[in-house]
Amino acid sequence: MTGWTAEPSYDVGAWAALSRRLSPYLDVTVALVATALALTSLLATTSTELAVIDTRLEPANLVAVAATAAAGLSLVWRRSRPTPAFAVFVAGCLVVTLTNHYIGLLSLILLFSLYSLAAHGRRRDGLIGLLLALVIFGGLALADVPDLGKSDVVQAGALLVTAWAIGDAIRSRRAQQHEQLHAAEREASAARDEALQAVTEERLRIARELHDVIAHSMSLIAVQAGVGGHVIRTDRDAAEHALGVIADTSRRALEQTRSMLGLLRDSDGSFTDPPTQTMGDLGALLDDVRGTGTEVTLTITGEPRPLDAGVELTAYRIVQESLTNVLKHSALRSARVLVAYEGDTLDIEVVDDGGPSPRTAPTSGHGLVGLRERTRLLGGTLDYGPLPGAGFRVRARLPAPSLEGAS
């Protein structure tokens, strides 16, 4: 034998559902049973038995019956309105006792009423109820009411304190469970929000990458298609070159687009990120742009150094988007790219001297907005706008501490 066979567990969910369904009828049932027992104790006690208990006790009358019934029926609200229910119960007990009638089982049911107040009411109300009951018992003993001797006060006080303590412990435990449940719900909600935010940020990142790849590639294709269409009958070599650039550009754009769409469709994390561009790829980028007939110069100052992959990609995208705008909007098709490695920053400036007038300058759109968002996420700055007279400038500063020597 390797161990004991586990007993079948109860269906907690079904039990909880049944408890919730029967809960509205529970207090009504408790109140009716308590009232019936209290009235039976009051009415079934004969005069002879009353004389044995205390010769001053009187037979039950309508007042005693009504007060006993009111006290017992007050338990209907023991959970929904515990403080008024306890007050009515105490008042009923006082009426029965002060009219010299036999209180019977009401003295025991009082313990249950106090327990309900402590378990379902506020802690302050439970303490007040306990003190009130102790004071009343002490006062009645001093007043020498029937069927309550001074020796009974100590026992009654101990029972009252016990009933209150049990109810208060249950109330505290319930409050702790509610707090734990709410804390778990808050944690689950925060986790869902974080997951949703992460998914949204990732999709936005992929959307920016798709925009940059497609916009730049389509601009190159459009320019080369125009060149090819213009020289197809006069310069066959130039037309073939244009078609070759279109084919190469389309192929690269298709590969990158498929890679990024694969990330969107990936559900098990098996798909790897497509390779990202760095500052070392600027040469190939400028060659592609020069192939459209656009004059581009690159000036690098400072000592180039390895940078964070996010900074490298953002810097590359800034130059790429700026040159894409030159292809789409510039009249003279010429641009200068300035890259400066200064301390812990990387400055980039792309200037088009012959671009559009300020009225048609590309001061808005997904590309420039995406550049600003990329830069802001890295803690950098980016500004852009038309130059006086003609032209357009994009200028960015990125935090770029060196990775050389980093562990």
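Refer to the structure printed above.
For clarity, every value in this text was computed on a predicted model and none was experimentally measured.

Asks: Lay out the overall build of the protein with the relevant residues and their values.
Replies: Assigned secondary structure in the protein consists of eleven helices and five strands. A buried classification covers 38% of the 407 residues belonging to the protein. A separation of at least 24 residues holds for 71% of the contacts in the protein among residues at least 6 apart in sequence.

Asks: I'd like a rundown of helix α6 (residues 123-142), residues and numbers included.
Replies: Over its 20 residues, α6 runs 29 Å from end to end, which matches the ideal 28 Å to within 8%, given 1.5 Å per residue. Taken from the residues just after α6, D144 is the one with a positive phi, measuring 60°.

Asks: Quick one: what's the story with the sheet that holds strand β3 (residues 345-352), residue by residue and with numbers?
Replies: Judged by pairing direction, the sheet is mixed, and its five strands sit side by side in the order β1-β2-β3-β5-β4 without closing on themselves. Of all the strands in the sheet, the pair left with one neighbour each is β1 (295-301) and β4 (381-386). Looking at each pair of strands side by side, their axes are set apart by 10° on average, direction ignored. Relative to β3, strand β2 (residues 334-342) is paired through seven bridges, and the arrangement is antiparallel. Bridge pairing in β3 links L338 to E349. Set on the sheet, helix α9 (residues 282-290) makes contact with β1 and β2; between it and β1 the angle comes to about 160°.

Asks: Hey, could you go over unusual backbone geometry for me, with residue numbers and the actual values?
Replies: In this model, N100 sits at a positive phi of 65°, which is unusual for a non-glycine residue. Here N100 shows up in the loop between α4 (82-98) and α5 (106-120). One non-glycine residue, D144, adopts positive backbone phi at about 60°. The topology assignment puts D144 in the loop between α6 and α7 (150-231).

Asks: Please set out the pairing of β4 residue by residue, giving values where relevant.
Replies: Pairing of β4 with strand β5 (residues 392-399) involves six bridges; the strand directions are antiparallel. Paired with D383 across the bridge in β5 is R395. What sits between the antiparallel neighbours β4 and β5 is a turn of five residues, in which G389 has the positive phi angle 90°.

Conventions and cut-offs
Residues numbered from 1 in each chain as written. Predicted model: local features only at pLDDT ≥ 70, side-chain atom pairs only at ≥ 80, totals over all residues. Heavy atoms only, no water. Helix = DSSP H or I, 4+ residues; strand = E, 2+ residues; numbered from the N terminus. Buried < 20%, exposed > 50% of the residue type's maximum accessible area, 1.4 Å probe, protein only. Contact = heavy atoms within 4.5 Å. Expected span 1.5 Å × (residues − 1). Pairing = 2+ DSSP bridges. Axes fitted to C-alpha atoms, helices over the stretch in contact; angles between N-to-C directions.

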